[in-house]
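The primary structure of each chain is shown beneath.
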There are 2 protein chains.
Amino acid sequence: MTLSEEDYIKAIYHLSEFNSTSVATNAIAEQMQTKPSSVTDMVKKLSEKSLVNYKKYQGVSLSEKGRLVALSIIRKHRLWEVFLVDKLNFSWDEVHVVAEQLEHIKSDTLIDKLDAHLGYPKVDPHGDPIPNKDGVFTKSIKKLISELPVGSQGVCVGVNDSSAAFLKFLDKNKIALGDTFKILEIEEFDGSVTISTRSGSIRISKQIATNLYLDIVDEE
Amino acid sequence: MTLSEEDYIKAIYHLSEFNSTSVATNAIAEQMQTKPSSVTDMVKKLSEKSLVNYKKYQGVSLSEKGRLVALSIIRKHRLWEVFLVDKLNFSWDEVHVVAEQLEHIKSDTLIDKLDAHLGYPKVDPHGDPIPNKDGVFTKSIKKLISELPVGSQGVCVGVNDSSAAFLKFLDKNKIALGDTFKILEIEEFDGSVTISTRSGSIRISKQIATNLYLDIVDEE
DNA sequence: AATTAATTTTAGACAAAGCTAAAAAATTGT
DNA sequence: ACAATTTTTTAGCTTTGTCTAAAATTAATT
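Residues numbered from 1 in each chain as written. Chains lettered and ligands numbered in written order. Predicted model: local features only at pLDDT ≥ 70, side-chain atom pairs only at ≥ 80, totals over all residues.

Student: How do you make sense of the packing of helix H4 (residues 64–87) of chain B against helix H6 (residues 108–117) of chain B when you look at a structure like this?
Tutor: How two helices sit against one another is set out by the angle between their axes and by the gap between those axes. Residues and elements named next belong to chain B. Packing of H4 against H6 leaves a shortest axis separation of 10 Å and a crossing angle of 45°. Regarding the angle of H4 to H6, the classification is oblique. For the pair H4 and H6, the sense of crossing is left-handed. Facing Lys76, Leu79 and Phe83 of H4, the residues of H6 in contact are Ile111, Leu114 and Asp115. Split into classes, the residues belonging to the contact of H4 with H6 amount to four nonpolar, no polar and two charged. (Axes fitted to C-alpha atoms, helices over the stretch in contact; angles between N-to-C directions. Helix = DSSP H or I, 4+ residues; strand = E, 2+ residues; numbered from the N terminus. Parallel < 35°, antiparallel > 145°, perpendicular 65-115°, else oblique. Left-handed = near helix turned anticlockwise from the far one by under 90°. Contact = placed C-beta atoms within 7 Å. Nonpolar A, V, L, I, M, F, W, Y, C, P; charged D, E, K, R; others polar.)

Listed below in structure tokens is the structure:
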């Protein structure tokens, strides 16, 4: 598999992760920062290799084989992210770009040994689950703060928007991965939410609330 | 820099490491497992970027800029080798292939943090020195067993031939990196050498003796 | 010194991955 | 239902790195 093929497979996986229907050429093009015509070319190639199901004008979906390839790349990506944060002291927001490169390293032995070295982690630093060798993983029950009722409590495990600006904001407000938050109050008219943090309580805007994921500990 | 460019730079560096004259197109082609015409093409490209000095039919040498690129790749390669052996428990002979991939990962931060994580090692698992960020490194004084007189003593730090067969042989004879050997006797008529090891003394053929490097502790 | 041999370079082609512009199919709006 | 719009595909071209075959240069041999 070439690097480019792997990137396409990953993109298609992520685009069909939740709405598991077939994916549009345009959507892939946008995700991959390329042109629809290029996508068509690559999709044909992936179809030849029976990594995707493809019929002209009908969109694309991963075949079972393709899905396993995607999960193996995601496994590698997330294990490397754990390594970068746990062992090399990268901060949460720096890891993605490097992991995008590391995920393409080809060596099963390497990944097995890395997994062992890290103590067989179940989730990456963003709280996303790490598939095992066979592509099996437990879907996390993470929810956006904006989706939770007052009284909910959970561990901060991820962000939607990983722009530098947003991550700066989190840093400034002492919000970090692994922190436990409780929803104290939801303001009706603007959707802002007051949450308790280690260092007290803060009010966050609706925009922030729709970007922060919690792993739910106790929902009531 | 593309992956291929980096590989050529590295090949040229290694070919001119000891005999520091200019390198022949054919030699590069052999090293890179490619055709001389392809080498010519790439060398022109590298010359455009002033990474090498090149005049038609006159061979190639690295420019200062090219030399620094080579050393930065070698630094990365060797640091990753240390990581694989020290942290992931790879054996000495498995690391090269994986490190060849890892050396191309582009992130200065990653290498800095990896270096720190490994405790700023000076040599890789084969005993080869690791250049620092500025490309400075101390040349090791390693010699082949076949080059040493009786009575010499040193630490086994490397091999010439890293074929699976040879590495298997070493394993079987309990010869490993870091072991200290002493030259006990050199047989005139066939060049075989008797050396002391931890587990006693063994006789090795001339062929083996020309493939094992020692870092000299005491030469007399 | 001249011919042969070896090495190196050029010229022209190919596969991968991308692009632009134009054609074809599907979708939408009225 | 049919015209307009959007989406997708095709066709043809570019770049990167490679190849083969042939030409040019250098080295070797007699």
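Still more ground to cover, so stick around.
Student: What exactly am I supposed to notice about the domain arrangement of chain A here?
Tutor: Interfaces are often sized by the amount of accessible area the parts lose when they come together. For chain A, the assigned domains read domain 1 (3–62) and domain 2 (142–218). Distance between the C-alpha centres of domain 1 of chain A and domain 2 of chain A: 33 Å. (Domains from an automatic or database assignment.)

Student: How should the environment of B:Ala176 be read in this particular structure?
Tutor: The topology assignment puts B:Ala176 in the loop between helix H7 (164–172) and strand S5 (180–186). Measuring from C-alpha to C-alpha, the distance between B:Ala176 and B:Ser91 comes to 10.0 Å, with 85 residues separating the pair along the chain.

Student: Looking at this structure, I do not really get the UniProt feature "domain: HTH dtxR-type" (unreviewed entry) in chain A. What am I missing?
Tutor: According to UniProt, the positions carrying the feature "domain: HTH dtxR-type" (unreviewed entry) are residues 1–63 of chain A. Overall, residues 1–63 of chain A shows 52% helix and 10% strand. The separation of its end C-alpha atoms is 15 Å. (UniProt positions renumbered as here; feature names shortened; annotations may be inferred.)

Student: Would you mind showing me how to read the protein's contact with DNA strand C here?
Tutor: Around DNA strand C, the structure places 20 residues, and the nearest of them are A:Thr2, A:Ser37, B:Ala24, B:Asn26 and B:Ser37. Going through the elements one at a time, helix H1 (3–15) and helix H3 (36–48) of chain A together with helix H2 (25–31) and helix H3 (36–48) of chain B are the ones with two or more residues in the surface near DNA strand C. Among the elements that line the surface near DNA strand C, the one with the most residues is H3(A), at five residues. Class assignment of the residues belonging to the surface near DNA strand C gives a composition of five nonpolar, 10 polar and five charged. (Near = placed C-beta within 6 Å.)

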